[in-house]
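The chain contents come next:
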Amino acid sequence: MINKKISLIFCTPVNGGDLLLTEVLGEIIKNKFNTNNLSCICYKLNEFNKISSSKDLIFLSHLEENISSKNKIINKLQIIFDSTWIKRKIINFINKKKLIEFKKLILETDLIIACPGGYLNHFYSLDQKFEILEFIIKNDKKFIILAQSISQLHFWNENDRERLLKILEKAEFITLREGYDAFKRNSRLKNIYSTSDLAFLYQSSIKKIHSSRVKKVCINFRYWKDINQNREKIIDLLKLLDETLIEIHFLSTCQDICGYTDDWKFFENFIDLNALPFNIIYHKRAFETDVLIKQFASFDLIIGMRLHSCIMGILSGTPSINISYESKGKAIYQDINLENYVVSLEDEYNVWEKVIKDCILNYEKAFNDFRKARSRGYKLSKSNITLLEKYLA
């Protein structure tokens, strides 16, 4: 039994991917290290409670208030005073109050683990995350950064890069799920290790029996800065699937979540569905982790922008082609020997078409490639647990 009080921070378990990462890490720490002193400090607690099936995590607080639940009051004040300044001040007040609560919880913790995901990227808002990590360091608290995606250093502005490196060098250790070689070379950090996405440690009981050919495909697309330039390619992709007599479903890890634009709602507005001569079947609700993975198992093929919809597909035994809009998708797929099943959002359509057709025409091979990839992902990600074991010992 480990007596250390452990807290997971920066959890954003409001979509299926981040929820999977949080639950997997929580279950490993509770079961592998036999501790009852584990808590999770997360964003949007109400949304988490709606879709989590985990019995292993105790959620103490949420750093970011679910502002939308107070929209009626805030919006009324905004109308009365005719000012967005009022709304912004109220939101800032709530978040500052939550940040004080958050810091109190940190002071009661022996070990902080910055939850896996992709939260230390140059294109996200980082001031609050940096403030929290600097608070941890100032108060001599031990912290680990686990299975993260961190933007390569040349993307950061000078001030943020300097803050980032000062924080990272104080960590007990850091594991990167992609971009390890370049980051280690450029940062010269000695406490950094290579791993893979923590989701590969999920223990699935699904025994998938694949069909002889692809009959039913799941797609998902999300809003991204360059998405409008790719509309025609996506329409051509849909037509290709329809011409191949494949039933098309839309299911994402990001739907029915307060404060998020549902991927299916975005897609309905993005594509003029009335102009398509076929139907797309939409799955619109949020699912618990186990149920969502079973949903992905019901398809013969997944084609998605959401990386964790593809990883959940791999966990379920379903071949999953990732349309990568960030470096993480291609890098993780290359690490698990699936470089022939990933394309970039900006690739020409003929690249998309070739990858998809090759997968459909050689479906038996694809099925076996993904089965092997799941085992490789598990082995690579297990390094997170090995490092934790050494540290906690």
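Residues numbered from 1 in each chain as written. Predicted model: local features only at pLDDT ≥ 70, side-chain atom pairs only at ≥ 80, totals over all residues. Heavy atoms only, no water.

Asker: Is there a simple way to think about the layout of surface pockets in this case?
Answerer: Unfilled space is identified by rolling a water-sized probe across the atoms. Quantified by volume, the second largest pocket comes out at close to 400 Å³. Mapped onto the lining of the second largest pocket, the elements with two or more residues apiece are β6 (142–150) and α12 (327–335). A breakdown of the residues in the lining of the second largest pocket according to their chemical character gives six nonpolar, eight polar and six charged. (1 Å grid on protein atoms, 1.4 Å probe; cavity = no way out; pocket = protein on both sides within 12 Å on 5 of 7 lines; lining within 4 Å. Points joined across faces, edges and corners; volume = space filled by probe spheres on them. Helix = DSSP H or I, 4+ residues; strand = E, 2+ residues; numbered from the N terminus. Nonpolar A, V, L, I, M, F, W, Y, C, P; charged D, E, K, R; others polar.)

Asker: Looking at this structure, I do not really get empty space enclosed by the protein. What am I missing?
Answerer: Here the structure, examined in full by the defined rule, presents three cavities of 30 Å³ or more. What the largest cavity holds in volume is close to 60 Å³. Around the largest cavity, the lining is made up of twelve residues, and of these Ser252, Thr253, Ala286, Phe287 and Leu292 lie nearest the centre. Taken together, the residues of the lining of the largest cavity sort by class into six nonpolar, five polar and one charged.

Asker: When you look at helix α11 (residues 307–316) in this model, what are you seeing that I'm missing?
Answerer: Along an α-helix, a turn takes 3.6 residues, which lines up residues three or four apart on a common side. Burial within α11 is extensive, with ten of its ten residues counted as buried. Of the positions making up α11, those classed as buried are Leu307, His308, Ser309, Cys310, Ile311, Met312, Gly313, Ile314, Leu315 and Ser316. Within two residues after α11, Gly317 carries a phi angle of roughly 90°, on the positive side. (Buried < 20%, exposed > 50% of the residue type's maximum accessible area, 1.4 Å probe, protein only.)

Asker: Quick question: what am I supposed to make of the confidence of the model for the protein chain here?
Answerer: Predicted coordinates in regions of low pLDDT should not be interpreted in detail. Mean pLDDT over the protein chain works out to 84, with 84% of the residues at or above the 70 mark. Throughout residues 60–74 the model reports pLDDT below 50, and contacts reaching past four residues in sequence, or to other chains, amount to 41 contacts. (pLDDT = per-residue confidence, 0-100. Contact = heavy atoms within 4.5 Å.)

Asker: Help me out: how do you make sense of helix α10 (residues 289–297) in this one?
Answerer: Thr289, Leu292, Ile293, Phe296 and Ala297 are the residues of α10 that are buried. With its buried residues spanning 150° around the axis, α10 presents them on a single face. (Arc of directions from axis to C-beta.)

Asker: It is not clear to me how the pattern of salt bridges should be interpreted in this structure. Could you clarify?
Answerer: Side chains bearing opposite charge may pair, as long as their charged atoms lie close to each other. Evaluation of the coordinates by the stated rule reveals 13 salt bridges. For Arg163, the salt bridge is made with Glu134, and the minimal N-O distance between the two is 2.9 Å. Highlighted residues: Arg163 in helix α6 (residues 158–168) and Glu134 in helix α5 (residues 127–138), separated in sequence by 29 residues. Through salt bridges with shared partners, one network takes in Asp127, Glu134 and Arg163. (Salt bridge = Lys/Arg side-chain N within 4 Å of Asp/Glu carboxyl O.)

Asker: In this structure, what is going on with the pairing of β6? I would like to understand it.
Answerer: Each regular strand shows side chains that alternate between the opposite faces of the sheet. Burial runs high along β6: eight of the nine residues are buried. Relative to β6, strand β4 (residues 111–114) runs parallel, the two being bridged by four bridges. Across the sheet, residue Ile112 finds its bridge partner in β6, namely Phe143. In this structure, strand β5 (residues 117–120) lies alongside β6, joined through two bridges in parallel fashion. Paired with Leu120 across the bridge in β6 is Ile150. Sheet topology places β6 next to strand β7 (residues 174–176); two bridges connect them, and they run parallel. Counted as the bridge partner of Ile145 is Ile174 from β7. This β-α-β element, β6 to α6 to β7, shows right-handed connectivity. (Pairing = 2+ DSSP bridges. Right-handed = clockwise from strand over helix to strand, strands pointing away.)

Asker: Even after reading the chapter, I still don't get the packing of aromatic side chains, so can you show me in this structure?
Answerer: Each aromatic ring pair is specified by the distance between its two centres and by the angle formed by the two planes. In the structure shown here, the tally under the stated rule is eleven aromatic pairs. Plain terms: the ring middles of Phe173 and Tyr391 are 6.3 Å apart, the flat faces sit at 70° to each other, and that makes the pair edge-to-face. Residue Phe173 is located in the loop between α6 and β7, and its partner Tyr391 is located in helix α14 (residues 363–392); the two are separated by 218 residues in the primary sequence. For Phe173, a relative accessible area of 5% gives the class buried. In this structure Tyr391 comes out as partly exposed when scored by relative accessible area, which is 26%. Considering the side-chain rings of Phe221 and Phe267, the 5.6 Å spacing of their centres and the 10° angle between planes classify their relative orientation as stacked. One end of the pair, Phe221, is in the loop between β9 (216–220) and α8 (231–243); the other, Phe267, is in helix α9 (residues 263–270), with 46 residues separating them in the sequence. In this structure, Phe221 and Phe267 share a single accessibility class: buried. Among the aromatic residues, those joined into a cluster by ring pairs are Phe221, Phe250, Trp264, Phe267 and Tyr282. (Phe/Tyr/Trp six-rings, centres within 6.5 Å; stacked < 30°, edge-to-face > 60°.)

Asker: Help me out: how do you make sense of the nonpolar core in this one?
Answerer: The tendency in soluble globular proteins is for nonpolar side chains to be buried side by side. Residues Ile113, Phe267 and Ile303 are the most contacted members of the largest nonpolar core, which totals 92 residues. When neighbours within four sequence positions are excluded, Ile303 is seen to be in contact with Val217, Cys218, Ile219, Asn220, Leu237, Leu241, Ile321, Ile323 and Ile356. Of all hydrophobic cores here, the second largest spans 31 residues; its members include Phe10, Leu105, Leu133 and Trp156. (Core = buried A, V, L, I, M, F, W, Y, C linked by side-chain atoms within 4.5 Å.)

Asker: I tried to follow the sheet that holds β9 on my own but got confused; where do I start?
Answerer: Strand pairing in a sheet takes place through backbone hydrogen bonds and is either antiparallel or parallel in direction. The sheet built from six strands is open, its strands ordered β11-β10-β9-β12-β13-β14 with parallel pairing. Unpaired on one side and paired on the other, β11 (281–282) and β14 (342–344) mark the two borders of the sheet. Pairing between strand β13 (residues 320–324) and β14: three bridges, direction parallel. Bridging across to β14, Ser324 finds its partner in Ser344.

Asker: So what exactly am I meant to see when it comes to the environment of Ile311 here?
Answerer: Summarising the element assignment, Ile311 is placed in helix α11. Accessibility expressed as a relative area gives 0% for Ile311, which makes it buried. For the pair Ile311 and Phe296, spaced 15 residues apart in sequence, the C-alpha separation works out to 10.0 Å. Discounting residues that sit within four places of it in the chain, Ile311 has contacts with Asp197, Ala199 and Phe200.

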